[in-house]
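Survey of secondary and tertiary structure
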Amino acid sequence: MIVFLIILLILVLIITSKVQINFKELYLENISKEKPKSINVVVTLKVLSIFPILKITLNNKRAEKLIYALKASAKKNMKMAKIKENLRNSKNIDKVKKHLKKFKIEKLYFDLQLGTKDVILTTIIITAISILMGFLLAKQEKRNIYYKFTPIYISENVYHLIFKGIISVNLVHIIYILFMLKIANKRKESDNFGKTSNRKFNANCNV
């Protein structure tokens with residue numbers, strides 16, 4: 001009985017918890033390099049969507065460590081291109097989109113200037129970001145929201161990013177999206193294992 005109550009309490013806390021990400025300042029650029037990069041992001045976990053129980057502040061140093069760890073983890077455990085391909089080919093993509101729409105953008109200032117060595121690639125990236133923002137903002141109130149994406153057509157990899165805003169979402173939606181990404185990764189690994197096994201079997205048969 002006690003175990004059941006504990007499990008029930010944990011489920012209630014997860015369902016009613018909200019994550020709020022406050023981008024107080026996110027400034028990154030490699031064009032003029034007149035101003036050093038600045039990262040100040042506060043992540044808060046609130047129980048019952050009201051009471052804060054955990055607060056994490058990301059500054060320049062912490063952000064660099066986090067990005068490095070995420071890159072290492074992604075390289076080791078996930079092939080993002082394969083995950084995206086698997087999600088795209090499954091019925092679960094609509095469910096993921098549904099949960100992405102639950103992200104509430106309370107305030108946003110997003111100014112991005114981006115260029116790559118490939119003009120076509122630059123156009124594709126800017127277009128993709130514009131489409132994604134339109135999707136995320138489809139059901140959002142347009143007050144306090146500004147975004148602008150500018151392609152830079154030069155034969156260099158350059159960027160200039162200013163991002164400020166407050167984004168919040170229920171914890172259960174984040175857990176669901178991460179779960180679906182994990183499932184997609186596992187399914188792809190299973191498919192690759194099956195293909196490898198078939199190749200070995202066919203090779204043995206031809207001997």
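As the structure is a prediction and not an experimental result, all values here were calculated from the model.

**Brief notes about the overall build of the protein**
For the protein, the helix and strand inventory stands at six helices and six strands. What you see in the protein, going N to C, is helices and strands ordered as α-β-β-β-α-α-α-β-α-β-β-α. Counting over 207 residues, the protein shows a buried share of 28%. At a minimum sequence separation of 6, the contacts of the protein that also span at least 24 residues come to 73%. Roughly 14700 Å² of accessible area belongs to the protein as shown, and the carbon and sulfur atoms make up 63% of that amount.

**Focus on the nonpolar core**
Within soluble globular proteins, side chains that are nonpolar tend to cluster in buried spots. Judged by nonpolar contacts, the single largest core of 19 residues is most densely connected at L108, F110 and F163. Secondary-structure elements contributing two or more residues to this core are strand 1 (18-29), strand 2 (38-47), strand 4 (104-115), helix 5 (119-136), strand 5 (145-151) and strand 6 (158-170). No other element matches strand 4, which puts five residues into this core. In contact with F110, not counting residues within four places along its chain, are M133, Y146, Y147, K148, F149, L161, I162 and F163.

**Side note on the packing of aromatic side chains**
Each aromatic ring pair is characterised by the separation of its centres together with the angle its planes make. The final tally for this structure, using the stated rule, is five aromatic pairs. Counting every residue linked through ring pairs, the aromatic cluster contains F23, F110, Y147, F149 and F163.

**Observations concerning the side chain of D111**
Within the secondary structure, D111 sits in strand 4. As a buried residue without a salt bridge, D111 has its nearest oppositely charged side chain in K148, at a separation of 6.0 Å.

**Quick look at the side chain of Q20**
Among the secondary structure elements, Q20 is positioned in strand 1. Exposure remark for Q20: the relative accessible area of 17% places this residue in the buried category. With near-sequence residues (within four places) excluded, Q20 lies in contact with V42, V43, T44, K46, E106, I166, I167 and S168.

**Observations concerning the sheet that holds strand 5**
Here six strands make up an open sheet; going across it, the order is 3-2-1-6-4-5 and the pairing mixed. The open sheet has two free edges, formed respectively by strand 3 (51-58) and strand 5, since each of these has just one partner strand. For this sheet, the mean inter-axis angle between neighbouring strands, taken without regard to orientation, is 10°. Pairing between strand 1 and strand 6: 10 bridges, direction antiparallel. Of the residues in strand 6, the one forming a bridge with L28 is L161. On top of the sheet, helix 5 reaches strand 4 and strand 5; it is set at about 165° to strand 5, its chief contact.

**Focus: the pairing of strand 5**
As judged from the seven bridges shared by strand 4 and strand 5, these two strands associate in the parallel manner. The residue bridging L114 from the neighbouring strand is P151, located in strand 5. Taking the sense of rotation as the criterion, the β-α-β connection linking strand 4, helix 5 and strand 5 turns out right-handed.

**Let's talk about the pairing of strand 3**
Across seven bridges, strand 2 lies against strand 3 in antiparallel orientation. Bridge pairing in strand 3 links V43 to I56. Hairpin connection of strand 2 to strand 3: three residues between the antiparallel strands, including L48 at a positive phi of 60°.

**Quick word on the confidence of the model for the protein**
Residues with a pLDDT of 70 or more make up 68% of the protein, whose mean pLDDT is 76. Here helix 3 (residues 80-88) stands out as the least confident element of the protein, with mean pLDDT 51; strand 5 is the most confident, with 92.

**Some remarks on a nonpolar patch on the surface**
On the surface, a nonpolar cluster with roughly 530 Å² of combined accessible area is contributed by M1, F4, L5, L8 and V12. Relative to the assigned elements, F4 resides in helix 1 (residues 2-16).

**Details of the environment of I14**
With respect to the helices, strands and loops of the structure, I14 is situated in helix 1. Sequence spacing of I14 and L48 is 34 residues, and the spatial spacing of their C-alpha atoms is 9.0 Å. Once residues lying within four places of it in the same chain are set aside, the contact partners of I14 are L171, V172 and I175.

About the criteria used
Residues numbered from 1 in each chain as written. Predicted model: local features only at pLDDT ≥ 70, side-chain atom pairs only at ≥ 80, totals over all residues. Heavy atoms only, no water. Helix = DSSP H or I, 4+ residues; strand = E, 2+ residues; numbered from the N terminus. Buried < 20%, exposed > 50% of the residue type's maximum accessible area, 1.4 Å probe, protein only. Contact = heavy atoms within 4.5 Å. Areas by Shrake-Rupley, 256 points an atom, 1.4 Å probe, with all protein chains shown as cover. Core = buried A, V, L, I, M, F, W, Y, C linked by side-chain atoms within 4.5 Å. Phe/Tyr/Trp six-rings, centres within 6.5 Å; stacked < 30°, edge-to-face > 60°. Lys, Arg positive; Asp, Glu negative; His and termini not counted. Salt bridge = Lys/Arg side-chain N within 4 Å of Asp/Glu carboxyl O. Pairing = 2+ DSSP bridges. Axes fitted to C-alpha atoms, helices over the stretch in contact; angles between N-to-C directions. Right-handed = clockwise from strand over helix to strand, strands pointing away. pLDDT = per-residue confidence, 0-100. Patch = residues over 30% accessible without salt bridge, like charges linked within 9 Å, V, L, I, M, F, W, Y side chains within 5 Å.

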